[in-house]
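Notes for the structure review
Here is how the chains run, residue by residue.
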Amino acid sequence: MRDSSNKSFETLVGPGESTRMMESLKRGASRRDILAMLMAGGMQATLAGGLAGVAMTAHAQTPRRGGKIRVAAATAAVTDTLDPAKQSNQSDYVRCNMVYNSLTVLDASLTPQPSLAESFTTRDAKTWVFKLRNGVTFHDGKSLAPADVVFSLMRHKDAATASKAKVLADQIETVTASGPNEVTIVLTAPNADLPVIVGTFHFHIVKDGTTDFASGIGTGPYKLKEFKPGVRTVVVRNEAYWKPGKPYLDEIEFVGIGDENARINALLSGGMDLVASVNPRAVERVKGTPGYAIFTTQSGQYSDLIMRKDTGPGTNNDFALAMKYMLDREQMKKTIALDYAVIANDQPIDPTNRFYFKDLPQRPFDLDKAKFHLQKSGFSGKVPVVVSPAAMYSVETALLMQQSGQRIGLDIDVKRMPAEGYWSTHWLNSPVGFGNVNPRPSADVLLTQFFKSDAAWNESRFKSEKFDQLLLASRAETDLAKRKQMYADMQVMIHNESGIGIPLFLASIDGHTSKLKGLSPIPLGGLMGYSFAENVWLEA
């Protein structure tokens, strides 16, 4: 991997001299040694001094092989998985990205780029041809074949698989091997976003016929050495990885630490090299400790207030509206997120997305309207609200709402649950509670996974035939203005009719040792869109 510093140095001294000096630096040469080499070639001292500085910078930014790091995510549970279809949280995404690849990969602008597929083409957005990369092998030595892709994609359609992405895979009609290194995917209806969808984590490619995923046999940058669900994952470099020179590290140990203070302490004591989900209140502490830094990614991540439409007080839309009017977004942004967020409007598509509907009138913090809708709903008594540190800022948000509730006669009973097990036990099961939705690569994927009537992750059980029809029609719409209007209409429906309150779009904040290099934001979430493993290295 060559960066701009390396290229600029090569331009200044020529490829031959650049290579010679970079090799010397790798062997331990100092700035003084480089200066002497440049001056020995007849260069004047001032110019040589400047170029020696450029060489040192270029060397510092050149990926280095070797070393081991320890990384902590914010969750660990016995449900931790290596089955791509079962991934359900940040820890799963990180773990599976270490050992698997997909047909495409999403870059920093969330544009699909070739990965296991070296090209993908379509004439009508309904029939797609993916040419597979030559020379790719699984960790056990088997060569990647079309049958592996057919199996990996079609298994999501089988109800017995219980795939978290079934609602996305339902639009796939057939996947067939159409050549020695080629697969053809035919959809039930056109979808211009298919290369984005197959680049999402659930569609990682596994070996044809795999039933036991505990060994993590993939084509990815690392091989599995140890996997203990709820405890830790250890991976080692895949020496046969198909990307030349990658990955850089020898080994990664990956754990989950649910307690945020314990996670920060582990980083600053040297026990961890990279930790996810740093609370804004801890940012200055990390920054103020020599040898540590903060890595921030602004994205469409949100923590949402969930009021189920099928049970509990949320069955009455006036109750849901009352709760939404109680969200003091400005105060939350300032005092809870410490400005590491942007204000949201109970619509799940964020301002960085081209389909964000900016003309939707902002729902204000309005206790008079909240009281009006509460009385209209007929609800009285105590409302339990389930929260957890696992759902970022849910505890602080609920306590703020509790204070507002007291002013309008609503008794909010905040039920705090531990981070461990929150997603499997409480998230989709509480009549009123909180979720945390990681960024999704496209508006279609987000709305399909979280708001389509039959989606497994339809948090509030929002059901609308009109919404579903619009969602399907938008996939095939090639007129961008018409497509934007469809997405705008769907955002209005969610804003008005769903049991979801979205107060803020959150930045992901990670902490790391300054020796860890190569991190750059990918707005799928923190930890470089959960794909840091193959991109980072340790400074010498």
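Residues numbered from 1 in each chain as written. Predicted model: local features only at pLDDT ≥ 70, side-chain atom pairs only at ≥ 80, totals over all residues. Heavy atoms only, no water.

Quick look at the packing of helix α16 (residues 443-450) against helix α18 (residues 480-497)
Look at α16 against α18: their axes get within 12 Å of each other, and the N-to-C directions meet at 35 degrees. Classified by chirality, the crossing of α18 by α16 is left-handed. Touching Ala 443, Asp 444 and Leu 447 of α16 are Tyr 487, Met 490 and Ile 494, all from α18. Residues that form the contact of α16 with α18 fall into these classes: 5 nonpolar, no polar and 1 charged. (Axes fitted to C-alpha atoms, helices over the stretch in contact; angles between N-to-C directions. Helix = DSSP H or I, 4+ residues; strand = E, 2+ residues; numbered from the N terminus. Left-handed = near helix turned anticlockwise from the far one by under 90°. Contact = heavy atoms within 4.5 Å. Nonpolar A, V, L, I, M, F, W, Y, C, P; charged D, E, K, R; others polar.)

Digging into the environment of Gln 90
Structurally, Gln 90 is set in helix α5 (residues 90-99). Since its relative accessible area comes to 17%, Gln 90 is described here as buried. Separated by 16 residues in sequence, Gln 90 and Ala 74 place their C-alpha atoms 8.1 Å apart. Those residues in contact with Gln 90 that sit more than four places away from it in its chain are Ser 277, Gln 301, Asn 436, Asn 438 and Tyr 530. Among the polar contacts made by the side chain of Gln 90, one reaches the side chain of Asn 438 at a distance of 2.8 Å. (Buried < 20%, exposed > 50% of the residue type's maximum accessible area, 1.4 Å probe, protein only. Polar contact = N/O pair within 3.5 Å; in protein donor to acceptor, adjacent residues only side chain to side chain.)

A few points about the nonpolar core
Soluble globular proteins: nonpolar side chains tend toward being buried together. By size, the foremost hydrophobic cluster in this structure holds 101 residues, and its most contacted members are Met 98, Ile 252, Met 323 and Phe 532. Other than its neighbours up to four places away in sequence, Met 323 contacts Leu 305, Met 307, Val 385, Met 401, Leu 410, Ile 412 and Val 432. Counting 28 residues, the second largest nonpolar core, distinct from the first, contains Leu 116, Leu 153, Val 175 and Val 183. (Core = buried A, V, L, I, M, F, W, Y, C linked by side-chain atoms within 4.5 Å.)

So, the domain arrangement of the protein
The domain architecture assigned to the protein consists of domain 1 (67-100 + 220-291 + 514-539), domain 2 (101-207) and domain 3 (301-506). The distance between the C-alpha centroids of domain 1 and domain 2 comes to 25 Å. Contacts between domain 1 and domain 2 engage 26 residues on the former and 23 residues on the latter. Buried surface at the junction of domain 1 and domain 2, both sides included, amounts to about 2000 Å², of which 61% is carbon and sulfur. Of the charged contacts in the structure, one is a salt bridge between Asp 83 and Arg 155, with a shortest N-O distance of 2.9 Å. Viewed at the interface, domain 2 and domain 1 are joined by 12 residue pairs in polar contact (both at pLDDT 80 or more). Only α5 and β8 (222-228) provide two or more residues apiece to the side of domain 1 that touches domain 2. The dominant element in the side of domain 1 that touches domain 2, judged by the number of residues it contributes, is α5, at 4 residues. (Domains from an automatic or database assignment. Buried area = accessible area lost by both parts, 1.4 Å probe. Salt bridge = Lys/Arg side-chain N within 4 Å of Asp/Glu carboxyl O.)

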